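Coordinate inspection notes
Residues per chain, in single letters:
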Amino acid sequence: MNRTLAPHGARPVAEPLLSTTLNLPGCQARGWVVVDSMVDGLALGGTRMTRTVTEQELTGLARAMTHKLALVGLPIGGAKAGIAPDPGATVERRAVMRGFGRAAAPLLHGGVYLGCDQGTTYADRQVAFEAAGYDVTRRPGTTRLTVDWAELWDHMADITGFGVAVAVLGALRASGARTPQRIAIQGFGTVGRAVAGHLAAHGHSVVAVADVRGTIEDQRGLPVAELAALTSSDGTIDRSRLPARVTVHGPGQTWLHVDADVLVLAASASAVDEEAVPAVRAGLVVEGGNLSCTPPARRLLREAGHTVLPDVVVNVGGAAATGCVLAGLAPSDLPLPQLSEWLREWVSSRIARNCELVQELSASGSADPVAQLLGSRGAPAGASEPEVPAER
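Conventions adopted
- Residues numbered from 1 in each chain as written.
- Predicted model: local features only at pLDDT ≥ 70, side-chain atom pairs only at ≥ 80, totals over all residues.
- Heavy atoms only, no water.
- Phe/Tyr/Trp six-rings, centres within 6.5 Å; stacked < 30°, edge-to-face > 60°.
- Helix = DSSP H or I, 4+ residues; strand = E, 2+ residues; numbered from the N terminus.
- Buried < 20%, exposed > 50% of the residue type's maximum accessible area, 1.4 Å probe, protein only.
- Axes fitted to C-alpha atoms, helices over the stretch in contact; angles between N-to-C directions.
- Parallel < 35°, antiparallel > 145°, perpendicular 65-115°, else oblique.
- Left-handed = near helix turned anticlockwise from the far one by under 90°.
- Contact = heavy atoms within 4.5 Å.
- Nonpolar A, V, L, I, M, F, W, Y, C, P; charged D, E, K, R; others polar.
- Polar contact = N/O pair within 3.5 Å; in protein donor to acceptor, adjacent residues only side chain to side chain.
- Salt bridge = Lys/Arg side-chain N within 4 Å of Asp/Glu carboxyl O.
- Core = buried A, V, L, I, M, F, W, Y, C linked by side-chain atoms within 4.5 Å.

With that out of the way, let us pick up the packing of aromatic side chains. Tallied over the entire structure, the rule returns five aromatic pairs. For the pair Tyr-122 and Trp-153, a centre-to-centre distance of 6.1 Å together with 50° between the ring planes defines the contact as tilted. You can see Tyr-122 sitting in helix H3 (residues 122-132) and its partner Trp-153 sitting in helix H4 (residues 149-155), a full 31 residues away along the chain. Given a relative accessible area of 26%, Tyr-122 falls into the partly exposed group. Plain terms: the ring middles of Phe-129 and Tyr-134 are 4.9 Å apart, the flat faces sit at 80° to each other, and that makes the pair edge-to-face.

The structure is reproduced here in structure tokens:
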């Protein structure tokens, strides 16, 4: 591993604590881990695997993780890992994840928990942990579980989408909405599907979803459960089996123009930039993915009268639940159903309260409610809105 450490006491706010390049021999891939901060010897973040991920992108995402965890009151720092397969290479996932696990083992055992993110699954994470000889449940101070780590997360797979849905429902209540709202969702992976399912269960109408192939729309309401059954693990919907009544749009940003009350962004970073702002029709824009809006776009949306719920407030369910267990905040020895209920209630209460505060600060004229909220929690807010390259 090649490491870059800032000198003690001389770390500029925008620089990470640690940025390391991982050697992955024979994997035809590059890897990095960026640790933005550590608190009480702990940091956590996801591992994303895309052909375009860069160390610079991970630096911004690791900083966002620091802020997410601070906002929910967890004594854990932020990190992020990335794996970029070589252009044109055929990826053998298990080999890549084994290589990643072996290379990242010193960090895992040293307190840097690396979970799942865009392009990786719970199964991938398990392969990496096994290769690293890492069992999170054996870490001193961790909540004692009655099931293994993999079984817990099989049961909690929807937790991030659940948290995003909690934010949407809270914002709709605060706005006084009395009727079912029309929901458009950009991205139909694990998070997007969970958001759609939870909002539909509360009586709202999902009128459009978008994946990498385009947008599927029906203003009468899409059959969410049926769509989820037609969706692959990478979030791509099988068009050949869609109901006849839906409208299928090709690649592009049709999801921006859909007539909807709520737009949930649950896919690529910088999905809404300055140029896209005039096309947004939804009154409520929810960043269900990482850094879904650019900082200028977020400001322009607010100035135009849209309510914006930022990702560091709403896209935190998985990290928060993991952090509760790592830090030993969740009760030990609970049967799985009770532990799941406890974690969901904890996540729900933190996200709901932070959304209320962000909306109150926005209504009072705050130019950067997240920075103000971070300041009130004693967390440094410098470079709180890092730019990442738009994936266009």
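Moving on from the model shown.
This brings us to the packing of helix H2 (residues 93-109) against H3. Between two packed helices, the angle of one axis relative to the other and the distance separating the axes together describe the packing. Their axes nearest at 7 Å, the elements H2 and H3 cross at an angle of 55°. By the angle between their axes, H2 is oblique relative to H3. The way H2 lies across H3 gives a crossing that is right-handed. Along its contact with H2, which presents Arg-93, Arg-94, Met-97, Arg-98, Phe-100, Gly-101, Arg-102, Ala-105, Leu-108 and His-109, the element H3 presents Asp-124, Val-127, Ala-128, Phe-129, Ala-131 and Ala-132. For the contact of H2 with H3, the class distribution of residues is nine nonpolar, two polar and five charged.

Here Thr-231 shows up in the loop between helix H7 (224-229) and strand S10 (247-249). At 2.7 Å, the side chain of Thr-231 and the backbone oxygen of Leu-227 are in polar contact. Setting aside its immediate chain neighbours within four residues, Thr-231 contacts Phe-188, Arg-193, Thr-236 and Ile-237.

So, on to unusual backbone geometry. Not every positive phi belongs to a glycine, and Asp-40 is a case in point at roughly 50°. Looking at where Asp-40 falls in the secondary structure, it is placed in the loop between strand S3 (29-35) and strand S4 (43-49). Non-glycine residue Ser-270 carries a positive phi angle of around 55°. Inspection of the secondary structure puts Ser-270 in the loop between strand S11 (262-265) and strand S12 (284-287). Classification of Ser-270 by relative accessible area gives buried; the value is 2%.

This part is about the pattern of salt bridges. Summed over all chains, the structure comprises 18 salt bridges. Asp-211 is the salt-bridge partner of Arg-239, the closest N and O atoms lying 2.4 Å from each other. Taken together, the residues span a long stretch of sequence, with Arg-239 in the loop between H7 and S10 and Asp-211 in strand S8 (residues 205-211) at a distance of 28 residues. Each member of the pair, Arg-239 as well as Asp-211, is classed as buried. Linked by salt bridges that have partners in common, Arg-48, Glu-57, Lys-80 and Asp-117 make up one network.

This paragraph deals with the nonpolar core. One finds Phe-100, Trp-149, Leu-152, Val-209, Val-264 and Val-286 to be the most contacted residues of the largest nonpolar core, which totals 104 residues. For Val-209, the contacting residues outside a window of four places in its chain are Ile-185, Phe-188, Gly-214, Thr-215, Ile-216, Leu-222, Leu-227 and Ile-237. Counting 22 residues, the second-largest nonpolar core is a separate cluster that includes Ala-208, Ala-210, Val-272 and Val-277.

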